[in-house]
Amino acid sequence: MLLLVVYLRVFVNNNLKICVYSPHCISSGMSQTSLHGKWTVSSSDEDDEVLPPSGTTASKSHRPVDSNHSSGGSLSPVPVPASLEVKAEPARTPVSSLSSGSEARQSAAMNQINPVKFETSPSLAGKGKKEATDGSGWALSDSDEDDVEVKRNCQSKLPKRGGPNGEAKKPKVESERPPSPHGRLYYIDEPDDFFESSLPCLNDSYRFYLNKVTGLDRKYNSGALHIRDILSPLFGTLKESVQFNYCFDVPWMVKQFPSQFRHCPVLIVHGDKREAKARLLQQGQPFPHVRFCQAKLDIAFGTHHTKMMLLWYEEGFRVIILTSNLIRADWYQKTQGMWMSPLFPRLPEGSSASSGESPTFFKRDLLEYLASYRAPELEEWIQRIKEHDLSETRVYLVASTPGRYVGADMERWGHLRLRKLLYEHTNPIPGEERWPVIGQFSSIGSMGMDKTKWLAGEFQRTLTTLGKSSLRSDPLIHLLYPSVEDVRMSLEGYPAGGSLPYSIQTAQKQIWLHSYFHRWKASRTGRSHAMPHIKTYMRVSPDFTQLAWFLVTSANLSKAAWGALEKNNTQMMVRSYELGVLYVPSAFNMKTFPIDTNPFPASSSTSGFPVPFDLPPTSYSPKDQPWIWNIPYSQEPDTHGNVWVPS
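Novice: What should I look at first to understand helix α9 (residues 414-425) in this one?
Specialist: Between the first and last C-alpha of α9 there are 17 Å, a value that for 12 residues agrees with the 16 Å anticipated at 1.5 Å per step. Turning to α9, its buried residues number three or more, namely Gly-414, His-415, Leu-416, Arg-417, Leu-418, Arg-419, Leu-421 and Leu-422.

Structure below.
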């Protein structure tokens, strides 16, 4: 039997200690046994990091994450050689110094480009530290925000386009397959009938749609949408658009527009700085119709994580709020979701400023969110929105914007915004303490050393708010996050884990969290093997047939995304831009939403809400472990016959 022994570098009192993980190594402190052996948790009270004042950045020097904590309860060094090194999480670096991809996704890319077959796994030591052939030089932040850690591959330099004999690359961008984080030979081309040639049958009741997934039975893509469908003439004659997102592959994005719209002006709203910004702008150089707007990120380690499209047509205006990055990997074999607005018509000339408002005040809230960017590039779009009728909107906007907020402003953003909406627009339900809360996400931040630090404190109070009830119920909370087995058996195999950047460094500080975890199972939508990048939160009845509310958002389970209370609960601090929409039954003249147990193929007449995964959720078994991206998995091959070796 191959004995897997791995080193993990740990900083204790500013000293580097080399610690061994092995299936037979038992160290002091709290321990956890898993597929990768036994690892331990420090007993020190390591809560969330201290946030620097607004506008400051951390030093570029590598400082140890755990340097302020005692060595009590930490792993003890064992001076024996290691056959394989765990991918240690580098010390925190400011967002501005990051390249434009993620180390987690880099590992996915390298495992796709240079797969390690299960049969050859005994020689992992040599492959584990193999340098990237593209010289992209990705880096990693230790922020508790998911995509600061994830973002290393989206705009990265990918394998050279020259042919096998060294011939020069072709001059025309469109003559080549667009770059991908998995390598140019990874993707399977979709069949001709994958994309819509006529207006598809969609469930317009809620306007909540899943993305199409390559490789599924056709019925499970009936009523789902691909980006090429969204941008097609089927939904309007496009004149101009804005793309808000986190990761961009500009050449790929341009190619998703149909030929007749491919040169329409596009404004990209991003959060990249310095080197990453330079790389993004370089991507746009071949496309003079593409302009850029940099979102202000004044709080350290914040990200521009919002994903939204503003589409201006000859016929009107449309908003898409979604969970996918603008890279092909996110539209290929992952489960993603979106809200697509109706086509908003233009208001008559001379309409008042309050005209075109919806019962959910969506127009006001969207304009307020856009104004928070303080960006001249968005002023013309703010004016265009004012000139359109958004009155058909039936969802509420839930946004996060970076800042520290006090007084009434605390309820404008983040989870306190969600709390306010649930308080004002939902109603108490008899026996509500038996209605579980479900949270489903693709990344996890630092929750603190115990559940009371944030999750079971302020965040749970938000998620359990139901109207103006004085009852402070304590219902079950089910958290859905893929297990190692879910990732191993997925359509993408282990590389799907590159978009699930839960690190060993974060996981070992919050073993308590894993008791909340449930598997990713989505047989009702045919997506059990399409790993989720979608993020959803909801309150469900005890028999899992009704919803009290439903939220689809870009926000993962992190304080950076949702905000955290400070100064004895008198101030709310939010690091990042996030955006989602909230469905409440009262906006649809309903008491609760019935859950559609068979949402595919789509029907325009159903009243059921298409929850994207199976209910009730399936708890982790004692053998299940949450997917952790930066440790190796070599005991069993994935669906492509490969093992996982973090690069």
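Novice: Would you mind showing me how to read empty space enclosed by the protein here?
Specialist: Regions of empty space are outlined by a rolling probe, equal in size to a water molecule, passed over the atoms. Taken as a whole and judged by the stated rule, the model has eight cavities of 30 Å³ or more. Within this model, the largest cavity holds a volume of roughly 150 Å³. Classifying every residue of the lining of the largest cavity gives seven nonpolar, six polar and one charged.

Novice: Help me understand the sheet that holds strand β15 (residues 403-406), please; the structure alone is not making it clear to me.
Specialist: Each strand in a sheet pairs with another by means of backbone hydrogen bonds, the pair being arranged parallel or else antiparallel. If you trace the three strands from one edge of the open sheet to the other, you get β15-β22-β21, paired in antiparallel fashion. With partners counted over all chains shown, the strands left at the sheet margins are β15 and β21 (564-566), one partner each. For this sheet, the mean inter-axis angle between neighbouring strands, taken without regard to orientation, is 30°. Pairing geometry for β15 and strand β22 (residues 571-574), over four bridges, is antiparallel. Across the sheet, the residue bridging to Arg-404 is Met-573, located in β22.

Novice: For this particular structure, what's the right way to read the sheet that holds strand β10 (residues 290-294)?
Specialist: On the basis of which strands lie adjacent, the open sheet formed by seven strands has the order β7-β13-β12-β11-β8-β9-β10 and mixed pairing. Only two strands of the sheet have a single partner each, and these edge strands are β7 (208-210) and β10. Ignoring which end each strand starts from, the neighbouring axes of this sheet average 20° apart. When strand β12 (residues 317-322) meets strand β13 (residues 337-340), the two strands line up antiparallel, connected through three bridges. Residue pairing in the sheet places Leu-322 in a bridge with Met-338 of β13. Docked against the sheet, helix α6 (residues 274-284) engages β9 (266-270) and β10, running at close to 165° with respect to β10.

Novice: What is the right way to read the side chain of Gln-243 from this model?
Specialist: By the secondary structure assignment, Gln-243 is in strand β8 (residues 238-244). A residue is classified by how much of its surface remains accessible, and Gln-243, at 2% relative accessible area, is buried. What Gln-243 contacts, discounting residues up to four positions off in sequence, is Leu-231, Phe-248, Met-253, Phe-257, Val-266, Leu-267, Ile-268, Val-269, Met-308, Met-309, Leu-311 and Leu-326.

Novice: I tried to follow the packing of aromatic side chains on my own but got confused; where do I start?
Specialist: Inspection of the entire model under this criterion finds 33 aromatic pairs. Between Tyr-206 and Phe-609, the aromatic rings sit 4.7 Å apart at their centres with planes inclined by 55°, giving tilted as the arrangement. Of the two residues, Tyr-206 sits in the loop between α3 (146-150) and β7 while Phe-609 sits in the loop between β24 (593-594) and β25 (642-643), which places them 403 residues apart along the sequence. Put simply, the rings of Tyr-206, Phe-208, Phe-550, Tyr-583, Phe-588, Phe-593 and Phe-609 touch in pairs and so form one group of aromatic residues. Here the guanidinium or amino end of Arg-384 rests over the ring plane of Trp-381, the centre of that ring lying 4.6 Å away.

Novice: I tried to follow the environment of Tyr-537 on my own but got confused; where do I start?
Specialist: In this structure, Tyr-537 sits in strand β19 (residues 535-540). By relative accessible area, Tyr-537 is classed as buried at 1%. Side-chain polar atoms of Tyr-537 contact the side chain of Trp-562, separated by 3.5 Å.

Novice: Looking at this model, I keep getting lost on the pattern of salt bridges. Mind explaining?
Specialist: A complete count under the given rule lists 20 salt bridges for this structure. Salt-bridge contacts for Arg-412 lead to Glu-368; the nearest nitrogen and oxygen are separated by 2.7 Å. Placement of Arg-412 in the loop between β15 and α9 and of Glu-368 in helix α7 (residues 362-371) is noted, with a sequence separation of 44 residues between them. Using a relative accessible area of 31% as the deciding quantity, one classes Arg-412 as partly exposed. Put simply, Glu-411 and Lys-420 hold a salt bridge, and the shortest N to O gap is 3.8 Å. For Glu-411, a relative accessible area of 36% gives the class partly exposed. One network of salt bridges, with partners in common, ties together Glu-240, Arg-291, Glu-380 and Arg-384.

About the criteria used
Residues numbered from 1 in each chain as written. Predicted model: local features only at pLDDT ≥ 70, side-chain atom pairs only at ≥ 80, totals over all residues. Heavy atoms only, no water. Helix = DSSP H or I, 4+ residues; strand = E, 2+ residues; numbered from the N terminus. Expected span 1.5 Å × (residues − 1). Buried < 20%, exposed > 50% of the residue type's maximum accessible area, 1.4 Å probe, protein only. 1 Å grid on protein atoms, 1.4 Å probe; cavity = no way out; pocket = protein on both sides within 12 Å on 5 of 7 lines; lining within 4 Å. Points joined across faces, edges and corners; volume = space filled by probe spheres on them. Nonpolar A, V, L, I, M, F, W, Y, C, P; charged D, E, K, R; others polar. Pairing = 2+ DSSP bridges. Axes fitted to C-alpha atoms, helices over the stretch in contact; angles between N-to-C directions. Contact = heavy atoms within 4.5 Å. Phe/Tyr/Trp six-rings, centres within 6.5 Å; stacked < 30°, edge-to-face > 60°. Lys NZ or Arg CZ within 6 Å of the ring centre and 35° of its normal. Polar contact = N/O pair within 3.5 Å; in protein donor to acceptor, adjacent residues only side chain to side chain. Salt bridge = Lys/Arg side-chain N within 4 Å of Asp/Glu carboxyl O.

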